[in-house]
Amino acid sequence: MQRPVEPRRHRATRTIAAVSVAALAAASVAALGIVGVSPASAATVDHLGVAFGSSTGAVRGGAAGTLYGLGDPGNPTQALIDGDHITNTSQKPPGGAQHPTGDALRVEPSFFAGAGKDEYVYMQDQYPDFPYNGGNRPGDANGDGVWDYLPIVKQEAETIATQSAHPKQYVFIPFNEPDGDWYPNWSTQKQQFFADWSAVYQTIEGVYAEHGLGHARIGAMGDSAFHSDRTTDFLTYAKAQSQLPDVTIWHELSPGSLADFRGHMSSYRGILANLGLPAIPVDITEYGNPRDMGVPGQLVQWISMFEDQKVDAQTAYWNYAGNLNDNSSRTNSANGGWWLYKWYGDLTGTTATVTPPQANTTDTLQGVASIDTAAKKATVLLGGGTNTVSADLSGLSSSVFGTSVDVTVRADRLNGKEGLSQQPPVIVSQRATVTNGTLSVTIPNSDRYAAYQVEVTPARATRPAVDTSTVSTEAEDTTLVDASVFTQDPNVVSGMASGGKDVGSFDNADSSATWTVNAPRNGTYRLTVLGGANGQPGQQALFVDNAFNQLVKYSADQSWTYRGTSSVLVPLSAGSHTFSLRASKDGSTVLPGADVTLDRFSVQDVTNGDTDTYPATDARLTGAASMTYGSSTTAANGGAALSGSATATFFVSALDSGYQDVSIDSVTSRASALTLRVGGRSVPLGSVSGAGSWRTTARIWLPQGISELTVGSPNGATVTGVTTVRGATQRAADTASANAVRVEAENLTLAGTAKPVTIPASAGSNGDADTNGVVTELGFLGNGAGNTATLARPSSLGAGAYVLTASAANADQSSNLNYNPQVVNRFLDVTEAGGATTRGTFRNGYSWNSFWDTSIPLDLTTTSGALTLGNASAFAPDLDVVTLAKLVAGGATTTAR
């Protein structure tokens, strides 16, 4: 069906000082931005029952699928794909004209390199228009007695059969939403559909048989909604013809689907039973609404429903290809949606019976739970309600967990489509007693857009502490001057707002938002603003205690409600301070791009650097790896026991590109060594000479966003967790000549058409500006072999493993023939003189004035070969700054703990 993008936001008539709230209202907002429970709602507790002793079957994990969630190689990155454990996806056929990206064969390697099992092909997406062929079933234009669609079907099947490395893992979808396109009138057109089904079925099967591949997998009907009559008629016909689909497909695209889907499944299973058919698996190849994407509390309702019914499902393609359908951010980062799917991908073992307060009810508290008795872990994912939750757990066997358990709860909140979300913080951490297998966990909540992860394990040596480092304030709760509060009704908008409201019309010289910040100690604090810059980068002036502090620069977003985050570091003395974001620095001139919608402000204490710990209980284990529990005082307790080829994989997050001190905590019983792979690249860690408890640290350049760290120990070790730290010391290493070289892109050695391009201060940009606010970038790079920029390597940067990070802009699009933004990825080829060429993928970032980081791994083989940047066949992105850094700065160190 047509998937329109959100219309431009209506701007209300300006109201001077539309809202004036005492700055102390921020005190009603709890630490970590989890909205505090108001007195009216404090007495209301929603109970979610979880019966771990009542299994509903093995964890399927199929609801993390995507339609066009994959764009090109590198878009999204392998770390994003792997972290979300995507088992099924639908893409366009090879060379399809419907969209510029999303080609099934091009994304196949990254999909199957992760958790990929089934790759679906929307065969009609060979057509450039939607509805396909103008909405009319093709005829026989050539007069040769051959239906015009059949040659298209045959060509696609031939291409996949002969060029795919995984042809048996494809599922062909010949018809997409035939209830609205080509066959809408079932009473008069079903016989035609039956004949056409037989024709495409025989064509695809014939191609696979010809190439010795046996049976081809084909899905149907593909309707835009579930229709009992159409499904019954079709399956009756397909059974009679021995042409049954391998997968039954339909879409669930209404908020009402959250109430109706289980009924649809019951009807479907009844149809199969009445026809005497065995179970035919279901894939809902489009689900959800624009309002749901990136919103944990919405998505958990869909996930729990599909997992309960043990079907696969794919988020709908409402926007553009390559960002997991708005469930990732920028080029390699997580938003709240990504973390929820990561949690879902972590589930192992069997699912448990969950009883919500209101089953089959849209926009209410729902949950999914699993228990893995081998790993000794019980997990509940829940969200969607507005009250405090009591998770009432039963079936926690003492033979698995003992009677004393550790409980941790993490909160995953709405952070915009382009918001950079770190690992969700711990909001509850406690040691609890299990009585007769039962335990109740209280989860403070009044945020319907948040989701929560509840984990129960045997008592561990180290339990994560509650994170109290961050305090958040809703923008609408600050003192506003010349700005307006907008209510973002979830039944109307597609871009949900934190707290349901945001602040806009922030475009006069006196526009401001002011609130109080209490610093518990002298130190460094990070202010993060969740806001929306409408198609162009923006900036606002930050005043602290009524003195100008710095500019807050925002990268471009798709719209005012398609929000992202921007952060700055602020030194503060202990005590109370007044923060004020203003549209003007001097009180008279409005800053370029100042009209950014403001949704939420968060202030985090980062005096000791950004420190994140990823416990082994959250790692994904392979091989013979197992969790170790014993005495809670034993250092290895709660760790992953590794030996041989067994590994533990952690997904860590970085707010910006640069060096992080990555530490692995382990316990050994003899001489041993750890292995570490970062994005598949080996990092040497050294060894230990005997038994002990150790911390091994390496300084590693991590890209902005998500990195996949895989730890092993062939000789044996128990790994209890990974910690990352980035502070002033690590930032200083970013520019140390022994580690890296940072160059303004226009200062590279240029050839051909490549040339500097100036962005005046009046235009606005989040790029690296001079003292006058002017940004100079490198443009017209590529589109010919001679249009290049060359980076000379300093003598300190010899052969070895490197990362090239480019701050780049790309706003390229193909012609908008259809409904979704037809964004185009750009590619940068990096060639080492005397070595190899490596390609990097640069996602569309909405504006040529807005720059995002993209990191390209390089393995350089020469001692000094220069690096030439370009693209012989198409334009490369515009570049602002280029940094070449060693993957590892210095050597790893190991100390006793």
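Residues numbered from 1 in each chain as written. Predicted model: local features only at pLDDT ≥ 70, side-chain atom pairs only at ≥ 80, totals over all residues. Heavy atoms only, no water.

Undergrad: An account of the side chain of R681 is needed here, citing residue identities and associated values.
TA: Note that R681 resides in strand β37 (residues 681-683). Sequence-distant contacts of R681, that is, excluding residues within four places in its chain, are made with L676, A801, Y802, V803, P857, L858, D859 and L887. (Helix = DSSP H or I, 4+ residues; strand = E, 2+ residues; numbered from the N terminus. Contact = heavy atoms within 4.5 Å.)

Undergrad: Got a sec to walk through the pairing of strand β52 (residues 878-886)? Specific residues and values, please.
TA: With eight of its nine residues buried, β52 lies for the most part within the structure. Of the strand pairs in this sheet, strand β42 (residues 740-744) and β52 are connected by five bridges, and their pairing is antiparallel. Across the sheet, the residue bridging to E744 is V881, located in β52. Relative to β52, strand β47 (residues 800-809) runs antiparallel, the two sharing eight bridges. Residue pairing in the sheet places V803 in a bridge with A885 of β52. (Buried < 20%, exposed > 50% of the residue type's maximum accessible area, 1.4 Å probe, protein only. Pairing = 2+ DSSP bridges.)

Undergrad: Could you give an account of the pairing of strand β28 (residues 597-605), naming the residues involved and the relevant values?
TA: Two faces make up the sheet, and in a regular strand the side chains alternate between them. Counting buried positions along β28 yields eight of nine residues, so the element is predominantly enclosed. Across five bridges, strand β18 (residues 470-474) lies against β28 in antiparallel orientation. Residue pairing in the sheet places E474 in a bridge with R600 of β28. As judged from the eight bridges shared by strand β23 (residues 523-532) and β28, these two strands associate in the antiparallel manner.

Undergrad: Outline the environment of S713, supporting the account with residue identities and numerical values.
TA: Looking at where S713 falls in the secondary structure, it is placed in the loop between β40 (705-712) and β41 (717-726). Taking the relative accessible area as the measure of exposure, S713 reaches 0% and is therefore buried. Distance from S713 to S666, taken between C-alpha atoms, is 9.9 Å for residues 47 residues apart in sequence. Once residues within four sequence positions are removed from consideration, S713 is found in contact with L642, S643, G644, A646, S672, A673, L674 and T675.

Undergrad: Can you tell me about the packing of helix α7 (residues 257-274) against helix α8 (residues 296-309), naming the residues and giving the values?
TA: Viewed as axis vectors pointing N to C, α7 and α8 meet at an angle of 15°, and their least axial separation amounts to 10 Å. As the angle between them shows, α7 and α8 are arranged roughly parallel. As for the relative orientation of α7 and α8, their crossing is right-handed in sense. From α7, S257, L258, F261, R262, M265 and R269 reach across to α8, where they touch Q301, W302, S304, M305, F306, D308 and Q309. Looking at the contact of α7 with α8 residue by residue, the class counts come to six nonpolar, four polar and three charged. (Axes fitted to C-alpha atoms, helices over the stretch in contact; angles between N-to-C directions. Parallel < 35°, antiparallel > 145°, perpendicular 65-115°, else oblique. Left-handed = near helix turned anticlockwise from the far one by under 90°. Nonpolar A, V, L, I, M, F, W, Y, C, P; charged D, E, K, R; others polar.)

Undergrad: Residues and numbers for the pattern of salt bridges, please.
TA: One pass over the full model with this rule turns up 33 salt bridges. As a salt-bridge pair, K190 and D233 come within 3.2 Å of each other at their nearest N and O atoms. In this pair, K190 sits in helix α5 (residues 186-210) while D233 sits in helix α6 (residues 228-240), placing the two residues 43 residues apart along the sequence. Since its relative accessible area comes to 25%, K190 is described here as partly exposed. With a shortest N-O distance of 2.7 Å, R620 and D346 are connected by a salt bridge. Taken together, the residues R620 in strand β30 (residues 620-622) and D346 in helix α9 (residues 336-346) connect sequence positions 274 residues apart. On the basis of relative accessible area, R620 is assigned to the buried category, the value being 15%. By relative accessible area, which is 11% here, D346 ends up buried. (Salt bridge = Lys/Arg side-chain N within 4 Å of Asp/Glu carboxyl O.)

Undergrad: So what about the sheet that holds strand β3 (residues 88-91)? Which residues, and what values?
TA: Strand order in the closed barrel made by the eight strands is β2-β3-β4-β5-β6-β7-β8-β9, with parallel pairing throughout. Put simply, the sheet's adjacent strands are angled 25° from each other on average, direction ignored. Against the sheet, α7 engages β7 (247-252) and β8 (282-287), with an angle of about 155° to β7.

Undergrad: Describe in detail the environment of N546, supporting the description with residues and values.
TA: Summarising the element assignment, N546 is placed in the loop between β24 (538-544) and β25 (547-554). Looking at N546, its side chain comes within polar contact range of the side chain of R582, at 2.9 Å. (Polar contact = N/O pair within 3.5 Å; in protein donor to acceptor, adjacent residues only side chain to side chain.)

Undergrad: Go over the nonpolar core, please, and point to the residues and values.
TA: One finds Y149, W197 and F306 to be the most contacted residues of the largest nonpolar core, which totals 87 residues. Sorting elements by how many residues they give to this core places α5 first, with 10 residues. In contact with F306, not counting residues within four places along its chain, are A63, F261, I284, Y287, V311 and A313. Among the nonpolar cores identified, the runner-up in size contains 37 residues, and A646, F650, Y659 and V683 belong to it. (Core = buried A, V, L, I, M, F, W, Y, C linked by side-chain atoms within 4.5 Å.)

Undergrad: Give me the lowdown on the packing of aromatic side chains, citing residues and values where you can.
TA: Think of a pair of aromatic rings as described by two things: how far the centres are apart, and how the planes are tilted against each other in angle. Taken as a whole and judged by the stated rule, the model has 36 aromatic pairs. For the ring pair F130 and Y132, a centre distance of 5.1 Å and an interplane angle of 80° mean the geometry is edge-to-face. Judged by its relative accessible area of 1%, Y132 is buried. Of note, R582 hangs over the ring of F543, and the distance from its end group to the ring centre comes to 4.0 Å. (Phe/Tyr/Trp six-rings, centres within 6.5 Å; stacked < 30°, edge-to-face > 60°. Lys NZ or Arg CZ within 6 Å of the ring centre and 35° of its normal.)

Undergrad: Report on the sheet that holds strand β49 (residues 837-842), specifying residues and quantitative values.
TA: Spatially, the five strands line up as an open sheet ordered β43-β46-β51-β48-β49, and their pairing is antiparallel. In the strand order of this sheet, the two ends are held by β43 (749-750) and β49, each with one partner. In this structure, strand β48 (residues 826-832) lies alongside β49, joined through six bridges in antiparallel fashion. Across the sheet, residue L828 finds its bridge partner in β49, namely G840.

Undergrad: Lay out α8 in plain terms, naming residues and giving numbers.
TA: The terminal C-alpha atoms of α8 lie 20 Å apart, and with 14 residues this matches the ideal 20 Å at 1.5 Å per residue to within 8%. The buried fraction of α8 is high, at 13 of 14 residues. Just past α8, the residue K310 takes up positive phi, approximately 55°. (Expected span 1.5 Å × (residues − 1).)

Undergrad: Account for helix α4 (residues 149-163), naming residues and giving values.
TA: An ideal rise of 1.5 Å per residue puts 21 Å on 15 residues; α4 measures up with 21 Å between its terminal C-alpha atoms. Taken together, the buried positions of α4 are Y149, L150, I152, V153, E156, A157, T159, I160 and A161. Along its buried surface, α4 packs onto α3 (104-113), β4 (118-122), β5 (170-173) and α5.

Undergrad: Got a sec to walk through the side chain of D557? Specific residues and values, please.
TA: Following the sequence through the fold, D557 ends up in the loop between β25 and β26 (564-572). The side chain of D557 sits in the buried core without any salt bridge; R330 is the nearest counter-charge, 6.4 Å away. (Lys, Arg positive; Asp, Glu negative; His and termini not counted.)

Undergrad: Would you mind going over the environment of Y268 in detail, with residue names and values included?
TA: The topology assignment puts Y268 in helix α7. In this structure Y268 comes out as buried when scored by relative accessible area, which is 1%. Through-space distance from the C-alpha of Y268 to that of H227 is 9.3 Å; in sequence the pair is 41 residues apart. Here Y268 is in contact with F226, T231, L235, T248, W250, I280, P281 and V282, once residues within four sequence places are set aside. A polar contact of 2.8 Å, which involves the side chain of Y268, links it to the side chain of T248.

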